[in-house]
Every structure is written in C-alpha cells, then in structure tokens.
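Residue strings, one per chain:
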Amino acid sequence: MAAASSSDSDACGAESNEANSKWLDAHYDPMANIHTFSACLALADLHGDGEYKLVVGDLGPGGQQPCLKVLKGPLVMNESPLPALPAAAATFLMEQHEPRTPALALASGPCVYVYKNLRPYFKFSLPQLPPNPLEQDLWNQAKEDRIDPLTLKEMLESIRETAEEPLSIQSLRFLQLELSEMEAFVNQHKSNSIKRQTVITTMTTLKKNLADEDAVSCLVLGTENKELLVLDPEAFTILAKMSLPSVPVFLEVSGQFDVEFRLAAACRNGNIYILRRDSKHPKYCIELSAQPVGLIRVHKVLVVGSTQDSLHGFTHKGKKLWTVQMPAAILTMNLLEQHSRGLQAVMAGLANGEVRIYRDKALLNVIHTPDAVTSLCFGRYGREDNTLIMTTRGGGLIIKILKRTAVFVEGGSEVGPPPAQAMKLNVPRKTRLYVDQTLREREAGTAMHRAFQTDLYLLRLRAARAYLQALESSLSPLSATAREPLKLHAVVQGLGPTFKLTLHLQNTSTTRPVLGLLVCFLYNEALYSLPRPFFKVPLLVPGLNYPLETFVESLSNKGISDIIKVLVLREGQSAPLLSAHVNMPGSEGLAAA
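Residues numbered from 1 in each chain as written. Predicted model: local features only at pLDDT ≥ 70, side-chain atom pairs only at ≥ 80, totals over all residues. Heavy atoms only, no water.

Caption draft 1: View of the overall build of the protein. When helices and strands are counted, the protein shows 8 helices and 36 strands. For a compact globule of 593 residues, the expected C-alpha radius of gyration is about 25 Å, and the protein comes in at 38 Å, more than 25% above that figure. Taking the principal axes of the C-alpha coordinates as reference, the protein spans close to 110 × 90 × 65 Å. Expressed as a percentage of its 593 residues, the buried residues of the protein come to 43%. Counted over contacts in the protein with a minimum sequence separation of 6, partners at least 24 positions apart contribute 49%. (Helix = DSSP H or I, 4+ residues; strand = E, 2+ residues; numbered from the N terminus. Rg over C-alpha atoms; globule rule 2.2 N^0.38 Å. Buried < 20%, exposed > 50% of the residue type's maximum accessible area, 1.4 Å probe, protein only. Contact = heavy atoms within 4.5 Å.)

Caption draft 2: Region of the structure containing unusual backbone geometry. The phi angle at Asp 309 is positive, at roughly 60°, despite the residue not being glycine. With respect to the helices and strands, Asp 309 occurs in the loop between β19 (301-306) and β20 (310-314). Here Asp 309 falls in the partly exposed class, since its relative accessible area comes to 25%. The phi angle at Asp 360 is positive, at roughly 55°, despite the residue not being glycine. Considering the arrangement of structural elements, one finds Asp 360 in the loop between β24 (354-359) and β25 (362-368).

Caption draft 3: Geometry of the sheet that holds strand β26 (residues 373-381). The sheet built from 4 strands is open, its strands ordered β1-β28-β27-β26 with antiparallel pairing. On the outer flanks of this sheet lie β1 (23-29) and β26, each paired with one strand and no other. Direction aside, neighbouring strands of the sheet carry axes that sit 20° apart on average. Here 5 bridges tie strand β27 (residues 384-392) to strand β28 (residues 397-402), and the two strands are oriented antiparallel to one another. (Pairing = 2+ DSSP bridges. Axes fitted to C-alpha atoms, helices over the stretch in contact; angles between N-to-C directions.)

Caption draft 4: Just the pairing of strand β2 (residues 41-44), in detail. The two faces of β2 match: Leu 41 and Leu 43 on one face and Ala 42 and Ala 44 on the other face are all buried. Bridging between β2 and strand β3 (residues 53-58) involves 4 bridges; their strand directions are antiparallel. In the sheet register, Ala 42 faces β3, and the bridge partner there is Val 55.

Caption draft 5: Just the side chain of Thr 36, in detail. Following the sequence through the fold, Thr 36 ends up in the loop between β1 and β2. The buried category is assigned to Thr 36, whose relative accessible area is 6%. Reaching out from Thr 36, the side chain makes a polar contact with the backbone oxygen of Gly 57 at a distance of 3.0 Å. With sequence-adjacent residues up to four places away left out, Thr 36 is seen in contact with Leu 41, Val 56, Gly 57, Leu 59, Thr 374, Ser 375 and Thr 391. (Polar contact = N/O pair within 3.5 Å; in protein donor to acceptor, adjacent residues only side chain to side chain.)

Caption draft 6: Summary view of the domain arrangement of the protein. Its domain assignment divides the protein into domain 1 (134-190) and domain 2 (478-583). Each of domain 1 and domain 2 was reduced to a C-alpha centroid, and the two centroids are 84 Å apart. (Domains from an automatic or database assignment.)

Caption draft 7: Local environment of the sheet that holds strand β36 (residues 578-583). Judged by pairing direction, the sheet is antiparallel, and its 4 strands sit side by side in the order β33-β31-β35-β36 without closing on themselves. Strand pairing shows two members of the sheet lacking a second neighbour, β33 (534-537) and β36, which therefore form its edges. With strand direction ignored, the average angle separating the axes of adjacent strands in the sheet is 20°.

Caption draft 8: View of the packing of helix α3 (residues 149-162) against helix α5 (residues 179-189). Where α3 contacts α5, the two axes come as close as 9 Å, and the packing angle between them is 95°. In terms of orientation, α3 and α5 fall into the roughly perpendicular class. Facing Pro 149, Leu 150, Leu 152 and Lys 153 of α3, the residues of α5 in contact are Leu 179, Met 182, Glu 183 and Val 186. (Parallel < 35°, antiparallel > 145°, perpendicular 65-115°, else oblique.)

Caption draft 9: View of the packing of aromatic side chains. Per the counting criterion, the structure on display carries 5 aromatic pairs. Ring centres of Trp 23 and Phe 378 lie 6.3 Å apart, and the angle between their planes is 85°; this geometry places the pair in the edge-to-face category. With a gap of 355 residues between them, Trp 23 in strand β1 and Phe 378 in strand β26 connect regions that are remote in the sequence. Accessibility assignment for this pair places Trp 23 and Phe 378 in one class, buried. Taking 5.8 Å as the distance between ring centres and 20° as the angle between the ring planes, the aromatic pair formed by Phe 257 and Phe 261 counts as stacked. (Phe/Tyr/Trp six-rings, centres within 6.5 Å; stacked < 30°, edge-to-face > 60°.)

Caption draft 10: Summary view of the pairing of β19. For β19, a buried count of 6 out of 6 residues is recorded, marking the element as mostly surrounded by other parts of the structure. Where burial is concerned, the two faces of β19 agree: the one with Val 301, Val 303 and Gly 305 and the one with Leu 302, Val 304 and Ser 306 are both buried. Direction of pairing for strand β18 (residues 292-298) relative to β19: antiparallel, over a ladder of 6 bridges. Bridging from a neighbouring strand, Gly 294 pairs with Gly 305 of β19. Where β18 hands over to β19, the hairpin turn is made up of 2 residues, of which His 299 adopts a positive phi near 55°. Where β19 and β20 come together, 5 bridges link them in antiparallel fashion. Residue pairing across strands places Leu 302 opposite Phe 314, the latter belonging to β20. Between the end of β19 and the start of β20, which pair antiparallel, lie 3 residues, with Asp 309 showing a positive phi angle near 60°.

Caption draft 11: Focus on the UniProt feature "domain: Bardet-Biedl syndrome 1 protein GAE" (unreviewed entry) in the protein. The sites that carry the UniProt feature "domain: Bardet-Biedl syndrome 1 protein GAE" (unreviewed entry) are, in the present numbering, residues 486-587. In residues 486-587, helix accounts for 0% and strand for 53%; the two terminal C-alpha atoms are 31 Å from one another. (UniProt positions renumbered as here; feature names shortened; annotations may be inferred.)

Caption draft 12: How the structure looks around the confidence of the model for the protein. Summary statistics for the protein give a mean pLDDT of 82 and a share of 91% for residues scoring 70 or more. Counting interchain partners and residues more than four positions distant, the pLDDT-below-50 stretch residues 1-16 has 0 contacts. In this model residues 412-416 is a low-confidence stretch, pLDDT under 50, and it forms 7 contacts with partners more than four residues away in sequence or in other chains. (pLDDT = per-residue confidence, 0-100.)

Caption draft 13: Summary view of the environment of Arg 268. If you trace the backbone, Arg 268 turns up in the loop between β15 (260-267) and β16 (271-276). For the pair Arg 268 and Val 249, spaced 19 residues apart in sequence, the C-alpha separation works out to 6.7 Å. Residues within four places of Arg 268 in sequence aside, it is in contact with Thr 201, Glu 224, Ser 246, Val 247, Val 249 and Gln 291.

Caption draft 14: Fine view of empty space enclosed by the protein. All told, the structure shown has 1 cavity of 30 Å³ or more when counted by the stated rule. Estimates place the volume of the largest cavity at around 40 Å³. Lining the largest cavity are Leu 93, Met 94, Glu 95, Pro 99, Arg 100, Thr 101, Pro 102, Ala 103 and Lys 116. Class assignment for the residues of the lining of the largest cavity results in 5 nonpolar, 1 polar and 3 charged. (1 Å grid on protein atoms, 1.4 Å probe; cavity = no way out; pocket = protein on both sides within 12 Å on 5 of 7 lines; lining within 4 Å. Points joined across faces, edges and corners; volume = space filled by probe spheres on them. Nonpolar A, V, L, I, M, F, W, Y, C, P; charged D, E, K, R; others polar.)

Next comes the structure, spelled out in structure tokens:
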C-alpha cells in the first residue's frame, strides 16, 4: 500500500508540473543522432506550402560524417552529405518573384552552398588569397631540384613560426608527412601552383533595402582571414568588404544594406567590434573579460554570453548595462521571439541541463532537460507558431510547443521569496560612540533643530542681501528696471596683442525703443589701450541684437591679463543701468615674442 501511495503521489506531482509548465512536450528522441550547434539550425517554408521544415547542418558523430538534414516533424525527410564541416545555416529570399520560396544557404569550408526547393542551385567560393612569397620561392626551388625535401621542411617550419600569414594547404600537408613519404609528395606536387584558401567561420543575413519580414536579404560572411563579406542575393558578387582585428565567430546585424545598417562581430580575441555602413574598419570596440560563447541582439541591446558563466548586456556604443551570473557554464544561446505578444528574450542552454530564458536581466522561465543542450532554435515549425527545438550533447532531439495561454512574467519561474531575502546582513556592532551620540540626539533634539533653523535663515538672509546689492549696483548683465529692459553680453576674439571686443546689446521690450544710452569701459591703463573708451549707443529697436565692436590693445609683454568692466549708462544718471566684467585672455602674440 505504501509503494502504491508513493507512485500515486509521484504521478500527481508530474501532472501538476505539466499543468504549471508553459510548454507542451511534443517530441523527445534521445537516439536522433543529431550533432550540431545553434548557428547550423534554421526554420523555413522551403516549398512554399505553409509547412515549415527544420534545416540542420549536422557535424556527424565525432565530426566524421557531416551532412545536411531536413526534418519534417520528428522525421528526417532529406539527407545529403557535405564535403566539410558546416559553419552556419541560414534561409533568405533571393528575389521578389512569385512563388516567394526562400533559399537555403549552408556555409561549409571555403564555400557557401545555396539550395532552392532542396536542390543545389549555386556554389559560392571565397576568393583565393595571395600565397606567401617565401613559400612560393621554396616550392619553385623544389621544382628545379635545387633543395632537398628535408631542407624544404625546415624552411617551411621556420616560415610557419615567424610569418603572420598561414601556409597553404599543400605545405601544411607536406609538414605532416614522414621522412620516407616527403620525396614522393614533392615530385607529385612540385609542379602545382601554390594556393592559399581561407574558410568561413560564421554567417548571417542582412535585409537588402526593405525591413519587411519577407524582403530580399544579403548574406554576410565572416572568414578566417579576419574579414567580413556582404554578398549580393542574386549575382552572389561581393558588395562590401570589411576588415577586423581578429577572426569573427558570432555576427549580429540590424538595418538594411542600401539604407543604413549596424553590424556587431564577436571575435576570438575576446572583443566585440561594431561596424556601420561605409566603414571599412570597426567604429566601436567592446572589450570582454573572457571569451564570448554567444551574441544575440534583443531590440537595441547586445546580449553576450561569456566563459565566466555570465550574461552581459551592452549598448551598440559599448556601454555595459547589466550582468547576470549563471549557475553553470553556457553552452549555447539563441533568440526567442514571440510575435503575437511582441516578446523578445534570450535563451541560454547551460551545462547542468537547464535552458534559461531572460528578458534583459529578469529571469522569465527555466526548462529542465534530461541532457545538456548544445543547440537551440525557436520559431514556426510545421504549422505551430511558437516551437522550441533543442538538440542535446548525446545527439538527442527535443521539441516543445509554447502554450497559447502562456504568459512570461518576470520572476514567474521562482516560487516563494527571492533568495536575497534569506541572506543575513553583516550589520556592524553598536559602538560606545554611536550609543552616546544617540542619547545626545534624544536629549537635545529640540536645541539641535533650532540651531539648524537659525543657520538656514541666516543663509537665506545673506543670499537676499547679496542679490539686492547686485540689483542696486547694476552688477547684473540684465536690467532690473521696467523702463530700460536691456540685456548685455560680451565676446572677446583674437590671440593678441590686439583683441576684438564685441558687445551684444538688446532691448528686450516688446513695444518701446530705448534712446540716450552710453557705454563706458573701465580698465587698467598700464595693461590695455582702447581707441574709444566711451561712446554713445544708437537707438535700440525692440527685439533686435546690436553688436557694438571695439579693439583692445594689450600693452604688457609679460602675458598678464586683467578684467575690463563694461558699464551701460543713461545720460544724466551716475548709476549704471547694467554692467559686465570681461575676463581678458593672456596675449599669446606677446608671450611668443
């Protein structure tokens, strides 16, 4: 009876977990034999029939048998071998003609294989690189039998250690041979020309000229020789080429190629470089403290996963916004986009068998899997809009469907109080000084408050007196009287010894002009000389700015500067209407002489 009741309770617990979960378990096959990562997964309507298929660039068991797989539901409907390990897979529209069926691009080695209707359509190969001149010269000498294979090997090893450019495939294969096999290899290949070929490390798509979901897109390739290439979607010619300081491994793009776009590339040197349209080199650089393991763009935020088991949020100018620590190492990342609710979030597959979903730094959901997840893909699969596809480290395939009633709430996956609530605060012990100060405040609180109020009233009184004195002595550049509403500011131009002093005088009245004003300059006559230290001001029309210019000659050859006082007076009155103090700069001309 006890065993029966225990099994019943376990079944009830499983049913309750299923009811509380936001996901429906659609399929799980631990023996699916799919070994890949997130960049090699893509969902697309390949035949234009509304049935979305899963495209997998499969590495094969142990990376020995790479192939392209197309899944419909849980079954593999098409499988074709690949000549090299896949680097990335993407689907894109090449043209606007009907029927609008997307093409499939698979990056493998130095080539991009393009399929339409699951049939080979085009093969794009990266342009060959110029060989190392020293390496070319060595093979020319071997062709003329001027050096023996052993000397050739020693010289090639020396070039590989010192040169920045890598050796060609022919030289690398030669260096791997035993001594007995070298001579036959040289005789077979010495007449061949040296070819140096780079490979593709990452790939993504960029809209050509429209931001629509079904718009034509360009392919963006990252290569081993630290370059980014943008390909034309129809002719597959190189539209743009950009250089990076390191090899790109993750790419994120936004915008349109013909309008304006921004491209973020995470590289092997631990940095993320931001490039914009018409920029051949990076515009911004984000320096990480560890190697990146994933790069996702969520709205205008770049989310980066690092080998320090953490997620970081950055702006496109490199400012760090937030950091979230993970409970285990991050194996893979991808974007979760729910169009019906306008939700964009980051999915992170961890080494402890969890898949965590974050919006910014808020945890939305946690999915527990029987094995560590190595690749993630979310989107429309079959005829379901919100499907999550995961592959595991052991080659398993997991398919989950998001419930239509599911709503992601920040912190909804954590039941009960937050963990920080249970943490003890390190409160310092009360010292004798603290106790004495508390008793003093309790006993003399009224007197302390009165002293504070007295000081506050004195401060206000001194500020009011200083303001009144400034108004009475016209020390302000704004007139305080309603009869002459004037505004004055001065500008000094020049390096010296002759300066140009421009006074901008304005009548701020709306209707009445001002007449009968004088301008007077007060200055040290031993330092400065003015041709007109006193002159009349013409009629000031309301609203207009009147520039009054004069020249100031510096007489000191020691680089000494002083203040020149500008006074605006009314005829027949001794008190100025307003004044300004001009801090004259040092005369650079005299100082240089």
